[in-house]
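# Structure at a glance
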Amino acid sequence: MKYRLTLLLIFLFLINVNSQIISGKILNKAGELVSNARIGIENTEIGDISNNDGTFKLNLDNINKNELLKVYINEYKPYHVRIDDFINSNHNIILDEKTIELKPVNVHSKKYKFKNFGTKNNSWAYCGYNTEKFPEKIFQEYAIKIKNKKRLKVNKINLHILSIDAKDTITIYFDLQNATNGFPDDLKSLSENTLQLNFTKNEIIDNKVSLDVSKQNIWTNEDFFVLFRINEDFKGKIYFGGNVFAFSKETFYRNYFGNWKKFSAGEPSINVDVKIEK
């Protein structure tokens, strides 16, 4: 009996020694806790999102120590550090706030019109979250491409919900990004702020929720992506409608900072209201 107990203790000790589950905290230079920051290993599906107290956990088992640990949140400059350097630190990550440059206001003689880009097809369930059946997909993020060659301003983001089963407030995070090599690029976010939409089941009107971003001053004159993901504390089921027969569309998904993967067909029912040059 003592022999078996000894073997068990040795086994548990070895597991603990080899385990690379590391806890840390994200703060800004003023010492304030930073929540909802995405933290992960570059080109992997390993990561976390910082809690309200700025804390996070990462499993670094079998990770190349030369890989990069990345932290992104719109209000702060991107943070990168080698895994080896991070392991040998105190695991506190200090973010530097972005310096927002006030661009001169140019008076354009061109006229603008209001349009809507994206899809409104809400007949079929295209993608979504089900924490009971697929809890591992809670960190999945989606992106659709909006083709554009003119100067435009994004005023509103609309997302169509086909079905929902959730009691608490739902939080969805959006981002608008230009592309690099045909994929969304976190370093090319068009917004200086986190785009966050909070709503309850009763606030969904005609199967649609919208986020007004007209005051965010989001402009672009090239193709861009609309990204969205649900908050990690979501419990329940929510499915977004979409056009499952759109074979020429460019829709992508990823986990954390994993590589973007393209859906074989279709796109979720998300669209944007814009002001665009005539």
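Above this note sits the structure.
None of the values given here were measured: they were computed from a predicted structure. Every chain is numbered independently, its residues counted from 1 as its sequence is written. Since the coordinates come from a predicted model, pLDDT governs what is reported: local features require at least 70, and pairs of side-chain atoms require 80 or more to be given and counted, while whole-chain, interface and lining totals use all residues. The basis for every side-chain value is the complete set of heavy atoms in the structure, and neither hydrogens nor water enter the calculation.

## Quick look at the overall build of the protein
When its secondary structure is counted, the protein shows two helices and 22 strands. For the protein, the proportion of its 278 residues judged to be buried stands at 45%. Here a residue-residue contact requires only that any non-hydrogen atoms of the pair lie within 4.5 Å. In the protein, the share of contacts with a sequence separation of at least 24, taken over all contacts with a separation of at least 6, comes to 74%. Every helix listed is a DSSP run of H or I at least four residues long, and every strand listed is a run of E at least two residues long, numbered separately from the N terminus. Buried residues are those whose accessible area, probed at 1.4 Å on protein chains only, stays under 20% of the maximum for their type, while exposed residues exceed 50% and partly exposed ones sit between those limits.

## Here we look at the pairing of strand β2 (residues 38-41)
What you see with β2 is no split at all: R38 and G40 on one side and I39 and I41 on the other are buried throughout. DSSP bridges decide pairing: two strands pair if at least two such bridges lie between them. The pairing of β2 with strand β3 (residues 47-49) spans three bridges and is classified as antiparallel. Looking at the pairing, I39 lines up with D48 of β3. Taken together, β2 and the strand that follows it, β3, pair antiparallel across an intervening segment of five residues, in which N43 is found at a positive phi of about 65 degrees.

## Here we look at unusual backbone geometry
Although it is not a glycine, N43 sits at a positive phi angle of roughly 65 degrees. Note that N43 resides in the loop between β2 and β3.

## Side note on the packing of aromatic side chains
The rule is short: rings of Phe, Tyr and Trp, with Trp giving its six-membered ring, pair when the centres are within 6.5 Å, and they are stacked under 30 degrees, edge-to-face over 60, tilted in between. One pass over the structure, following the stated rule, counts 14 aromatic pairs. When the ring of Y112 is compared with that of W219, the centres are 5.9 Å apart and the planes differ by 70 degrees; the resulting orientation is edge-to-face. Separated by 107 residues along the polypeptide, Y112 in strand β8 (residues 112-118) and W219 in strand β16 (residues 218-220) bring together distant segments of the chain. When the centroid spacing of 4.8 Å and the interplanar angle of 50 degrees are considered together, the rings of Y253 and F263 count as tilted. Taken together, the residues Y253 in strand β19 (residues 251-255) and F263 in the loop between β20 (261-262) and β21 (267-268) connect sequence positions ten residues apart. Of the aromatic side chains, those joined through ring pairs into one cluster are Y126, Y129, Y142, F228, F240, Y253 and F263. Think of it as a cone above the ring: NZ of Lys or CZ of Arg counts as a charge over the ring if it is within 6 Å of the ring centre and within 35 degrees of the ring normal. Above the face of the W219 ring, R151 is positioned so that its terminal group lies 4.0 Å from the ring centre. Above the plane of the ring of Y112 lies K275, whose end atom (NZ or CZ) is 5.3 Å from the centre.

## Topic: the pattern of salt bridges
When a carboxyl oxygen of Asp or Glu lies within 4 Å of a side-chain nitrogen of Lys or Arg, that pair is called a salt bridge. All told, the structure shown has twelve salt bridges when counted by the stated rule. For the salt bridge of D223 with K145, the shortest nitrogen-to-oxygen distance reads 3.8 Å. In this pair, D223 sits in the loop between β16 and β17 (224-230) while K145 sits in strand β10 (residues 140-146), placing the two residues 78 residues apart along the sequence. Residue classification places K145 among the partly exposed positions, given a relative accessible area of 22%. When the shortest N-O distance is used, the salt bridge between K149 and D223 registers 4.0 Å. A residue pair is termed long-range when its members are at least 10 positions apart, and K149 in the loop between β10 and β11 (152-165) and D223 in the loop between β16 and β17 qualify at 74 residues. One salt-bridge network, held together by shared partners, links R38, E141, D186 and R254.

## As for the environment of Q216
Within the secondary structure layout, Q216 lies in the loop between β15 (208-212) and β16. What makes Q216 partly exposed here is its relative accessible area of 29%. Separated by 63 residues in the primary sequence, Q216 and K153 have C-alpha atoms spaced 9.5 Å apart. What Q216 contacts, discounting residues up to four positions off in sequence, is S191, N193 and L195.

## Digging into the side chain of E277
Structurally, E277 is set in strand β22 (residues 270-277). Of the residues examined, E277 reaches a relative accessible area of 10% and is grouped as buried. For E277, the contacting residues outside a window of four places in its chain are K110, K111, Y112, K113, K150 and R151.

## Some thoughts on the sheet that holds β3
Here four strands make up an open sheet; going across it, the order is β3-β2-β5-β6 and the pairing antiparallel. A single partner strand is all that each edge strand has here, and the edge strands are β3 and β6 (79-82). Put simply, the sheet's adjacent strands are angled 10 degrees from each other on average, direction ignored. Axis definition: a line fitted to C-alpha atoms, limited for helices to the stretch in contact. Angles are taken between N-to-C directions and run from 0 to 180 degrees.

## Focus: the environment of Y256
Here Y256 is to be found in the loop between β19 and β20. Along the chain, Y256 and I39 lie 217 residues apart, while their C-alpha atoms are 7.4 Å from each other.

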